Amino acid sequence: RRSAAYLRATMDSTCAVDQMGAICSIRVSCAAGALLGLMQVALTFGVINVRRAAGVSMGHGENELLERRIRCHGNFCETSHIFLPLLLLVDLTYDGGWDIVPASLAVMFIAGRWLHASAFWSVRRSMLGRVLGMIFSLLAVIFCAFALLLKLFMF
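Fair warning: this is a prediction, and the values are worked out from it, not measured in the lab.

Observations concerning the overall build of the protein chain
The secondary structure content of the protein chain amounts to five helices and two strands. Beginning at the N terminus, the succession of helices and strands in the protein chain can be written as α-β-β-α-α-α-α. Taken over 155 residues, the protein chain has a buried fraction of 34%. Taking as baseline every contact in the protein chain between residues at least 6 positions apart, the subset at least 24 positions apart corresponds to 59%. A total of about 9500 Å² of accessible surface is found on the protein chain, and carbon and sulfur atoms cover 69% of it.

What follows is the structure, encoded as structure tokens:
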């Protein structure tokens, strides 16, 4: 028979129950997913607004700003889709006092995506923002992978 606290916890949308019945928190992944989702919407509207202003419905129509916005949005999609599932796995794996691991990775990735998007968004081109943004983003993905492998083989 399950306790009332256990049942309440399983009803919480930020918890998952593993096969042994243990409750694993996924709050970090939920927060990161929400922020990344909002960034995705903002980048999408950025492309839509420039498309409307330029009168371009397909492609970039030789409009440099539109091309940069499209690439910014595309690059976000290309990197975020692999990071979020990895973060979820890290969040589930490093439960019980280890929340700093997924939280640090989430902050690193989101900061990287913000730097990268800001570099594309500005009127002036900023290679530093693009490069730092990609470094932070890719390091977060690599660290997620290594954190999972470390947990798999070491603990």
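A word on helix 5 (residues 127-154)
With 28 residues, helix 5 ought to run about 40 Å at 1.5 Å a step, and its terminal C-alpha atoms sit 39 Å apart, in line with that. On its buried face, helix 5 is in contact with helix 3 (64-93) and helix 4 (100-121).

Here we look at the pattern of salt bridges
Pairing between side chains of opposite charge can happen when their charged atoms approach one another. Evaluation of the coordinates by the stated rule reveals two salt bridges. Put simply, arginine 68 and glutamate 64 hold a salt bridge, and the shortest N to O gap is 4.0 Å. Separated by four residues within a single helix, arginine 68 and glutamate 64 lie in helix 3, roughly one turn from each other. Across the salt bridge formed by glutamate 78 and arginine 71, the nearest N and O atoms sit 3.3 Å from each other.

Here we look at the packing of aromatic side chains
Using the criterion set out here, one finds one aromatic pair in the structure. On the basis of an interplanar angle of 5 degrees and a centroid distance of 4.0 Å, the ring pair of phenylalanine 83 and phenylalanine 109 is categorised as stacked. One end of the pair, phenylalanine 83, is in helix 3; the other, phenylalanine 109, is in helix 4, with 26 residues separating them in the sequence. The two residues phenylalanine 83 and phenylalanine 109 agree in class, both being buried. Just above the ring of tryptophan 121 sits the side chain of arginine 69; from NZ or CZ to the centre is 3.7 Å.

What about the confidence of the model for the protein chain?
When pLDDT is averaged across the protein chain, the result is 82; 82% of the residues are at 70 or more. Per-element confidence in the protein chain is highest for helix 5, whose mean pLDDT is 92, and lowest for helix 1 (residues 4-11), whose mean pLDDT is 46. Note on residues 6-13: pLDDT under 50 across the span, and 10 contacts to partners over four residues away in sequence or across chains.

Rules and cut-offs
Residues numbered from 1 in each chain as written. Predicted model: local features only at pLDDT ≥ 70, side-chain atom pairs only at ≥ 80, totals over all residues. Heavy atoms only, no water. Helix = DSSP H or I, 4+ residues; strand = E, 2+ residues; numbered from the N terminus. Buried < 20%, exposed > 50% of the residue type's maximum accessible area, 1.4 Å probe, protein only. Contact = heavy atoms within 4.5 Å. Areas by Shrake-Rupley, 256 points an atom, 1.4 Å probe, with all protein chains shown as cover. Expected span 1.5 Å × (residues − 1). Salt bridge = Lys/Arg side-chain N within 4 Å of Asp/Glu carboxyl O. Phe/Tyr/Trp six-rings, centres within 6.5 Å; stacked < 30°, edge-to-face > 60°. Lys NZ or Arg CZ within 6 Å of the ring centre and 35° of its normal. pLDDT = per-residue confidence, 0-100.

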